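# Working through the structure, step by step
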Amino acid sequence: MTDTEPSSDTPEPPELARGGRATSVATAVSSRGIETPPHDEGVRLPGLRLAALVGALVLLGFVNPWMLVVILALVLMITLHELGHYLTAKRAGMKVTEFFLGFGPKIWSTRRGETEYGIKAIPAGAYVKIIGMHNLEEVPPEDEVRTYRQKSFGQRVSVAVAGSTMHFLLALGLIFVSLAFVGLPAGTLDPDTQAREWRVSEVIEGSGAAEAGLRAGDDVIAVDGRDTPTSDDLRDVVDGREGDTVPVTFVRNGETRTVDVTLQEFESDGQQGCCLGVGIGLPDDEKLSPLSAAVNTPREFVNITGLSVQAMGRFFTPGGISDFAGQVSSARDDRAAPTGDDTGGSGSSQSSSSSPSSSSSGDDDEVSENRMLSIYGLVQIGSEAGKVDPSSLITLFALVNIFIGVFNLVPLLPFDGGHVAIAVYEKVQERRLGRRRYFTDVARLLPLTYAVVLVLGMLFVSTLYLDIANPLVSQ
């Protein structure tokens, strides 16, 4: 068998390739130096669309500047993702014909060399068009050598992972800035560590804690002889013990003290609560030295990446999907219902500068674990966070970059990870069959790919509805 012989069930392109996205006539003519006559719509509409887009952004900047900042930051992330694909493809000698932000009708574009750059109307992502991504795509014979499918295993994988790599590099830089120059609760992004370092954020008037003299900033370390390293431990001790008087041990200004607190009902924001009557807040922000930040940044990155993988795994389970579906179906009722933030066992409320999407304590925590944000919801949370604490956006963007990077590596088409999986499969087949090159027949993967696209579409619509019907931030 020769090095160039294709497998019998996976024809080598382009001779037997079918379907796909062929090079357009306009592109072919333009490449020969002949200009095609412009259409009236092509002359007028793109300019009008671009003017409308710029005008909308300027207006948004006046109405809600922090929302504009978040939108531009997300656009920058998406652009850098595609720039990663673009640069590695160019370096590998692949032909890149398009680099667009958005999808749908074209707003504006310009051609530089063999690549058309532009903006489209639907801001739901971006794409780089590299010719010959699979065996179904037809390309001119003279361009076959420059297709993605004809490049080496290492080149194909590097192009596929380049987008996520850009997100991870951005996240590493942002985490370092957060640790060294902004400061994080307890000097870390790790929510478990932050939860163990919790402090009293407020004492509710009329509660047993207020009568006993507890203050905001106190570190409650034990209740009734039981250690309370986390807020959950505190709730476990006090819940259901209305009327009991218990010793509460806390640290204030480095001094350990113990007072007796009567667990009793209280009123907060017009609602009845019980039992301790303290708000639970994150520890004070701490900055690390640049050297310590540089050492800790990779560890923080690994921890958050692991949490992102766990969150995705938890979401895409029968229980997680069922939970999310329940949130969507009851979104309007949940929005109308009282939140009960200050009426739980400890009368607690939690805020986090590093994770503005964190829900309040109580039963809603379990629901929030399986809630995924739409772009609209993320923009809303980011703009509110910017108004309260602009520096918190640095941490938020780090978390967003990690999640997007991980999500794009899911080993299914049309994700970047799907192309990595195909490249690995082809490499294994080449080794197993002793061939120089093996081409996967992507047609066999189309049903699964369509199913994935359908799920993504449903997820897009449902998350958007949920963020509108029951937003995580007050409207």
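Quick notes on the rules
Residues numbered from 1 in each chain as written. Predicted model: local features only at pLDDT ≥ 70, side-chain atom pairs only at ≥ 80, totals over all residues. Heavy atoms only, no water. Pairing = 2+ DSSP bridges. Helix = DSSP H or I, 4+ residues; strand = E, 2+ residues; numbered from the N terminus. Expected span 1.5 Å × (residues − 1). Buried < 20%, exposed > 50% of the residue type's maximum accessible area, 1.4 Å probe, protein only. Contact = heavy atoms within 4.5 Å. pLDDT = per-residue confidence, 0-100.

A word on the sheet that holds strand 6 (residues 226–227). Backbone hydrogen bonds are what pair the strands of a sheet, in a parallel or an antiparallel way. With respect to topology, 4 strands assemble into an open sheet ordered 6-5-7-8, the strand pairing being antiparallel. Each end of this open sheet is capped by a strand with a single partner; those strands are strand 6 and strand 8 (255–262). As paired strands, strand 5 (residues 219–223) and strand 7 (residues 245–252) are joined by 4 bridges and run antiparallel to one another. Each residue of the ladder has a partner; that of A222, found in strand 7, is T249.

The next subject is helix 4 (residues 153–182). Spanning 30 residues, helix 4 covers 41 Å between terminal C-alpha atoms, matching the ideal 44 Å at 1.5 Å per step. Trailing helix 4 by a residue or two, G183 shows a phi angle of about 95 degrees, which is positive.

In this section: the environment of D416. Inspection of the secondary structure assignment puts D416 in helix 14 (residues 416–433). D416 gets classed as buried once you look at its relative accessible area, which sits at 11%. Considered as a pair, D416 and H85 are 331 residues apart in the sequence and their alpha carbons are 9.9 Å apart. When residues no more than four places from it in sequence are discounted, the contact partners of D416 are H81, H85, A160 and N408.

Before going further, it helps to examine the side chain of H81. Of note, H81 is situated in helix 3 (residues 65–91). Setting aside residues no more than four positions away along its own chain, H81 makes contact with G163, S164, M166, H167, N408 and D416.

Next up on the list: the confidence of the model for the protein chain. Mean pLDDT over the protein chain: 82, with 83% of residues reaching 70 or higher. Mean pLDDT values for the elements of the protein chain range from 34 in helix 1 (residues 25–31) up to 97 in helix 4. Counting contacts from residues 1–42, a segment whose pLDDT is below 50, to residues more than four positions away or on other chains yields 62 contacts. In this model, residues 339–367 is a region of pLDDT below 50 whose contacts with residues beyond four sequence positions or in other chains number 83 contacts.

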